[in-house]
Amino acid sequence: MESNYKNSRKKCAITMSEKLEMIKLFEKGKSYAAIARQIKRPQSTVRTIIQRKDNLLNFAKGDSMATRKRNEIIEEMERLLVIWIEDLLNKRIPLSLQIIQTKAKSLYQDIESSTGITECTVNSFKASSGWFNRFKNRTNLKNMKMHGEAGSADEEAAENFPGLLEKIIVEKGFLPEQIINVDETALFWKKMPTKSYVFGNMIPIPGIKLNKERITIMVGSNMTGDLKLKPLAVYHSQKPRAFKHVQVQSLPVVWKSNKKAWVTRSIFNEWFLQNFVPEVEKYCRDKGIPFKILLLVDNAPGHPIELNELHPNVEVVFLPPRTTSLLQPMDQGVIATLKSYYLRRTFTRILHTIEQNPTFNITDAWKNYDILSAIRNISAAWHEVKSSTINECWKKICPAFFTHDTTSTDEDEQIQLLIEECVSAANVLPLEIDAEDIRQFIFLQEEPLTNNELIEADTLEVLDEYNEEYDEEDLEPIQKRFSSKRLEAAFENIEKALSEFQAMDEDEERSANVSDRVRKEIAVYKNIYNDKKVIKRQLSMDSFVQKL
C-alpha cells in the first residue's frame, strides 16, 4: 500500500511559507506525525525540513527584503526593456526571442550593479521563456510576432485604428486642415551615403565622430499639406562654432539641444506650448476656421502622455504601439522625401563651394560644410516637399478622406526619382555613389539604445543638459548688419548673372520674366540700400554744416 501511495501522489513544490509553518507547529510541541497529517505532507519531508530549521530561519530573515529588492530590479528592467523594444521597432530593427532575453539579462545585471544589490545570486534572473510570456502579458506585447525574426509592426492594430480615428474625426467635427501629425527622424548630416565615412577612399577628417554629427529633426504637417510646421532640430550643442555670427532665434528651425540630441519630454512640451500652439492658431485664424486641432503622435518615450492636458484646443491621439511604419503619415514617405531633397542640396552645395574656390577639392569643400549649412539645407529641403506628397501620405491612416481612383504618382516612384537625381548630382562631383548608397542613407537608422543610455535616461529628462564640448563662452552672437558697399556689390553681381542668363536663353520672354521676378524679390534689399544712402547723405550734410 505504501508503494502504491508513493506512486499515485502528485508532486507539489513546498513554498517557504509552508516550511515556516511546519517549524512553527514543531516549536509549539507538535510531533512530526501530527504536523504531517495537518499539512498533508509525508512525515519524512516534515522531518527533513525541521532538521534544517536554523538555516531556513536565517534565510527567511533576509528573504523578504532580498525578494522585494529583486522584484524592484525586475520591474525597473522590464520598464526599460519596453522602451528599448519600442525604440527598435520604431527604427525597424528586427527582434527575436533570443535578442530580447539577452537584453533583459544584461539590463538586469547592469541595474543590479548600479544599485549595489547582489544578494541571492542563486536565484538570479534567468530571462526564461516563462518569464517572457508573463512579460508580454504584463506589458501588452501580446500581438508581437516572435516566429524567427519578430515582426516590426502590429498589423492588427494598424488595421483597426483608421476606423477608430475616423469615428473621432466625425463625432468632433475636425476638418482635414485641423488634423496634424508630427514625427522625428535622425539625420547624420555629416555622413555621406558611402560605405566609408566621408567619401570613398578619402581620409576621414580629424575630430569628426559619427555620433557627434547626428541631429534629430521633427517635422509635421496637416492632412491637406498646406501647413508645414517649422522643423524642430535637436543637436548635442546649443552654440556650435558655426553659430558664431548667428542668433539662434533667426534660424529657420526651432533649435534645441541636449548631449544625446534626443527629443525629450521637456523639449517636446516646450515646443508644443511655445511653437506648435501659436503656429497652428495663426494658421486657423488666417484660414478662417475654428482653432481646434487633432494632433496625431506615436508613443515614443519623448512624447508626454499628459499632452491632452496642455491646451484645451488641441486634442492629442496616440498611435497604437508598433504601427509607425504602417500608419504614421510623416513615416509614409514624407521624411524619406525630405532626406532625398536634403542630400541633393548637399551635393549641390559642395559643387558650388568648389566652383567658387578653384583651389578647393572635395575634401576642402566638405570641411567647409558645417552644421549651419546643414540647417539651412534641411529648411530648404522641407520647403521643397510638395503639399501633394504630404497629402498622399495620409491615405493609410485616413482612407475615408480619399477616393480610390486617384492617379497620383506612387510614393516609391517619387522617392526613386529623387534617388536617381541624387546619384546624378553626386556623379557630377564626381563621387562613386549608386542608388543603393543613397537609399541606405535615406533609410539609415540609429543604433539600438545601450544599457547605460536607458539607465541614465530614467525619464529621458536627465538628458536635458548642454554639452559644452563645442560651446565657447566668448562666442556671443554678433548682430548682422547691412553694408552699403556690400549691398552695391551684391546688386552688381545679380545684374551680371541675369545678363549671362539672358545671353544664353533663346526664349526672350522667359529670361525677361525671370529677371523681373528676381528684381521684385530683392526689392526689399534695394529699399534698405536706398535708406542707408539717404542716412549717409544726411550725415555728410550735417558734417559740412558743422565745419562752416
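Attention here is on the structure that accompanies the text. Treat the numbers as computed from the prediction; the structure is a model and nothing was measured.

Thresholds applied
Residues numbered from 1 in each chain as written. Predicted model: local features only at pLDDT ≥ 70, side-chain atom pairs only at ≥ 80, totals over all residues. Heavy atoms only, no water. Helix = DSSP H or I, 4+ residues; strand = E, 2+ residues; numbered from the N terminus. Buried < 20%, exposed > 50% of the residue type's maximum accessible area, 1.4 Å probe, protein only. Contact = heavy atoms within 4.5 Å. Areas by Shrake-Rupley, 256 points an atom, 1.4 Å probe, with all protein chains shown as cover. Salt bridge = Lys/Arg side-chain N within 4 Å of Asp/Glu carboxyl O. Axes fitted to C-alpha atoms, helices over the stretch in contact; angles between N-to-C directions. Parallel < 35°, antiparallel > 145°, perpendicular 65-115°, else oblique. Left-handed = near helix turned anticlockwise from the far one by under 90°. Pairing = 2+ DSSP bridges. 1 Å grid on protein atoms, 1.4 Å probe; cavity = no way out; pocket = protein on both sides within 12 Å on 5 of 7 lines; lining within 4 Å. Points joined across faces, edges and corners; volume = space filled by probe spheres on them. Nonpolar A, V, L, I, M, F, W, Y, C, P; charged D, E, K, R; others polar. Core = buried A, V, L, I, M, F, W, Y, C linked by side-chain atoms within 4.5 Å. Polar contact = N/O pair within 3.5 Å; in protein donor to acceptor, adjacent residues only side chain to side chain.

Overview of the overall build of the protein
So, point 1. In terms of helices and strands, the protein carries 20 helices and six strands.
So, point 2. Taking all 548 residues of the protein together, 41% fall into the buried category.
So, point 3. Across the protein, every contact between residues at least 6 apart in sequence was considered, and the portion connecting residues at least 24 apart equals 71%.
So, point 4. Accessible area of the protein: about 30,700 Å², with a carbon and sulfur share of 51%.

What to know about the pattern of salt bridges
So, point 1. According to the stated counting rule, one finds 12 salt bridges in the structure shown.
So, point 2. A salt bridge links glutamate 270 to lysine 256; the shortest N-O distance between them is 2.5 Å. You can see glutamate 270 sitting in helix 9 (residues 265–287) and its partner lysine 256 sitting in strand 4 (residues 254–257), a full 14 residues away along the chain.

Considering the packing of helix 11 (residues 334–356) against helix 13 (residues 371–384)
So, point 1. The interhelical angle for the contact between helix 11 and helix 13, taken along N-to-C directions, is 130 degrees, at an axis separation of 8 Å. Overall, the two elements helix 11 and helix 13 adopt an arrangement that is oblique. Both helix 11 and helix 13 take part in a crossing whose hand is right-handed. Facing Val334, Leu338, Tyr341, Tyr342, Arg344, Arg345, Thr346 and Arg349 of helix 11, the residues of helix 13 in contact are Ser373, Ala374, Asn377, Ile378, Ala380, Ala381, Trp382 and Glu384.

Digging into the sheet that holds strand 4
So, point 1. Overall, mixed pairing links the six strands, which are arranged 4-3-2-1-5-6 in an open sheet. Here the strands that pair on one side only, and so sit at the sheet edges, are strand 4 and strand 6 (314–318). Recorded for the sheet is a direction-independent mean angle of 25 degrees between the axes of neighbouring strands.
So, point 2. In this structure, strand 5 (residues 293–297) lies alongside strand 6, joined through five bridges in parallel fashion. Opposite leucine 294, over in strand 6, you have glutamate 315 as the bridge partner.
So, point 3. Running at roughly 20 degrees to strand 2 (residues 214–222), helix 13 makes contact with strand 1 (179–188), strand 2, strand 3 (232–235) and strand 4 of the sheet.

Thoughts on empty space enclosed by the protein
So, point 1. Here the structure, examined in full by the defined rule, presents one cavity of 30 Å³ or more.
So, point 2. In this structure, the largest cavity encloses a volume near 50 Å³.
So, point 3. Thr185, Leu187, Ile217, Leu338, Lys339, Tyr342 and Ile378 are the residues that line the largest cavity.
So, point 4. For the lining of the largest cavity, the secondary structure elements donating two or more residues are strand 1 and helix 11.
So, point 5. For the lining of the largest cavity, the leading source of residues is helix 11, giving three residues.
So, point 6. The class makeup of the residues in the lining of the largest cavity is five nonpolar, one polar and one charged.

Here's the deal with the packing of helix 18 (residues 484–504) against helix 19 (residues 508–521)
So, point 1. The interhelical angle for the contact between helix 18 and helix 19, taken along N-to-C directions, is 165 degrees, at an axis separation of 9 Å. In terms of orientation, helix 18 lies roughly antiparallel with respect to helix 19. Crossing of helix 18 against helix 19: the hand is right-handed. Within the contact between the two elements, helix 18 uses Ile494, Glu495, Leu498 and Gln502 and helix 19 uses Glu508, Ser511, Ser515, Val518 and Arg519.
So, point 2. Partitioning the contact of helix 18 with helix 19 into residue classes produces three nonpolar, three polar and three charged.

Description of the nonpolar core
So, point 1. Counting residues in hydrophobic clusters, the biggest one holds 66 residues, and the most contacted among them are Ile215, Trp255, Phe347 and Trp394.
So, point 2. Ranked by residue count, the leading element in this core is helix 11, at 10 residues.
So, point 3. For tryptophan 255, the contacting residues outside a window of four places in its chain are Ile215, Ala233, Tyr235, Ser237, Gln238, Pro240, Phe243, Val248, Ile371 and Ile375.
So, point 4. Of all hydrophobic cores here, the second largest spans 26 residues; its members include Leu227, Leu229, Val263 and Val314.

What about the side chain of serine 511?
So, point 1. With respect to the secondary-structure elements, serine 511 resides in helix 19.
So, point 2. Looking at serine 511, its side chain comes within polar contact range of the main-chain oxygen of glutamate 508, at 3.0 Å.
So, point 3. When near neighbours in sequence (up to four residues on either side) are disregarded, serine 511 contacts Gln502 and Asp505.

A closer look at the environment of isoleucine 168
So, point 1. If you trace the backbone, isoleucine 168 turns up in helix 8 (residues 155–172).
So, point 2. Residue class for isoleucine 168 comes out partly exposed when judged on its relative accessible area of 23%.
So, point 3. Each C-alpha atom of the pair isoleucine 168 and valine 317 lies 9.5 Å from the other, and the pair is 149 residues apart in sequence.
So, point 4. Setting aside its immediate chain neighbours within four residues, isoleucine 168 contacts Phe174, Glu315 and Val317.

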